[in-house]
Amino acid sequence: MLHTLCTMKVWILCLLLIIGWNEAARCSAPPPPKRIVSLAPAMTEIIFSLGLGERVVGVTTVCDRPDEARRKEKIGGMANPSLEAIIALKPDMVVMTTEGNPKIIAERLARFGIKTHIFTSKRLTELPSGIRKMGQALGARTAADHLAENIEKAIRGVSMAHQGKSSRTSTAGGRKALFVIWPNPLIVAGPGTILDDAMKISGLHNIASDGKVAYPRFSLEAVIERQPDLILIGKGHEDMKTLAEGFLHSLRMLEAVRKGRICFMDDALYRPGPRIPAGLEELDRCGKMP
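Note that the coordinates shown come from a computational prediction; the quantities given were computed from them, not determined experimentally. (Residues numbered from 1 in each chain as written. Predicted model: local features only at pLDDT ≥ 70, side-chain atom pairs only at ≥ 80, totals over all residues. Heavy atoms only, no water.)

(A) Structural context of the overall build of the protein. Looking only at helices and strands, the protein has twelve helices and ten strands in total. Counting over 290 residues, the protein shows a buried share of 43%. Here the contacts in the protein between residues at least 6 apart in sequence split such that 58% fall between residues at least 24 apart. A total accessible area of about 15700 Å² is found for the protein, and carbon and sulfur atoms account for 56% of it. (Helix = DSSP H or I, 4+ residues; strand = E, 2+ residues; numbered from the N terminus. Buried < 20%, exposed > 50% of the residue type's maximum accessible area, 1.4 Å probe, protein only. Contact = heavy atoms within 4.5 Å. Areas by Shrake-Rupley, 256 points an atom, 1.4 Å probe, with all protein chains shown as cover.)

Put into structure tokens, the structure is as follows:
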């Protein structure tokens, strides 16, 4: 009996210690940042979509969505943000991305004791995980889970609707496509990009998927030789239709141009954020052009 009581006392003591450790861990967890600086348009869109717009104190000059972001303090461009401007805003957290932000900025901020969260997701399937990690870092886990689930649902929906098409592209049924980032010089979406991923799950074969870099320069001769069935042109400029006139005229012999299978798309798929589902829907509509 005495042995049993001693055993129970030890068990209760251990339980209390475990509870105490868990409470201590919760108490020692850093509070969510109250002053956030975003160094990329996609990061800004994600932060606002998580309901944290009021905490954003600074953004880049190209952070134009949502409209509220345009009224935030500007700290320079993505590739050349001002370290002095960032420090002056006294942020608790600076959100960066490996796609466009210089690594040296994170290193310099660390020297000043400023925390950074670096978004590393580069592929479509990595995006939900990246959003969840950001939500955890910013103290918005529930909102991040909801956003990530929406994107996962959109990816699954498109993928299931077109399952098997991409593998049949070179034989029958599928369409060869080219995604133009800039018409002159001709820069296109290549391998390892969200655009390439989106094209694949939409049943399209990216004719530039064998490129050596993510956004290769292409010649008109290469486009003519590969005969795309569909030409997608992204929104890299407000008047992209005018900018693309010469490019399309040079390809007037292609069936895609003759039959008007040219689709000018918004920039939703350019930014790995909350508008990805809308971008996938737009791409799906373009892929169904007669």
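(B) A look at the packing of aromatic side chains. Counted by the stated rule, this structure contains one aromatic pair. Ring geometry for Phe 179 versus Tyr 270: centroids 6.1 Å apart, planes at 50 degrees, classification tilted. Of the two residues, Phe 179 is situated in strand β6 (residues 175-183) and Tyr 270 in the loop between β10 (262-264) and α12 (276-287); the sequence distance between them amounts to 91 residues. The exposure class assigned to Phe 179 is buried, which follows from its relative accessible area of 1%. Relative accessible area serves as the criterion here: at 28%, Tyr 270 is assigned to the partly exposed category. (Phe/Tyr/Trp six-rings, centres within 6.5 Å; stacked < 30°, edge-to-face > 60°.)

(C) Region of interest: the sheet that holds strand β3 (residues 73-74). With parallel pairing, five strands are arranged side by side in an open sheet as β3-β2-β1-β4-β5. Both outer strands of the open sheet, β3 and β5 (115-119), are each paired with one neighbouring strand and no more. Looking at chain direction, strand β1 (residues 36-38) and strand β4 (residues 93-97) are connected through three bridges and run parallel. Bridge pairing in β4 places Ser 38 opposite Val 95. Across the sheet, helix α5 (residues 127-138) is in contact with β1, β4 and β5; its angle to β5 comes to roughly 165 degrees. (Pairing = 2+ DSSP bridges. Axes fitted to C-alpha atoms, helices over the stretch in contact; angles between N-to-C directions.)

(D) Fine view of α12. With twelve residues, α12 extends 16 Å from end C-alpha to end C-alpha; this agrees with the ideal 16 Å at 1.5 Å per step. Every buried residue belonging to α12 is among Ile 276, Pro 277, Gly 279, Leu 280, Glu 282, Leu 283, Asp 284 and Cys 286, and all of these are buried. (Expected span 1.5 Å × (residues − 1).)

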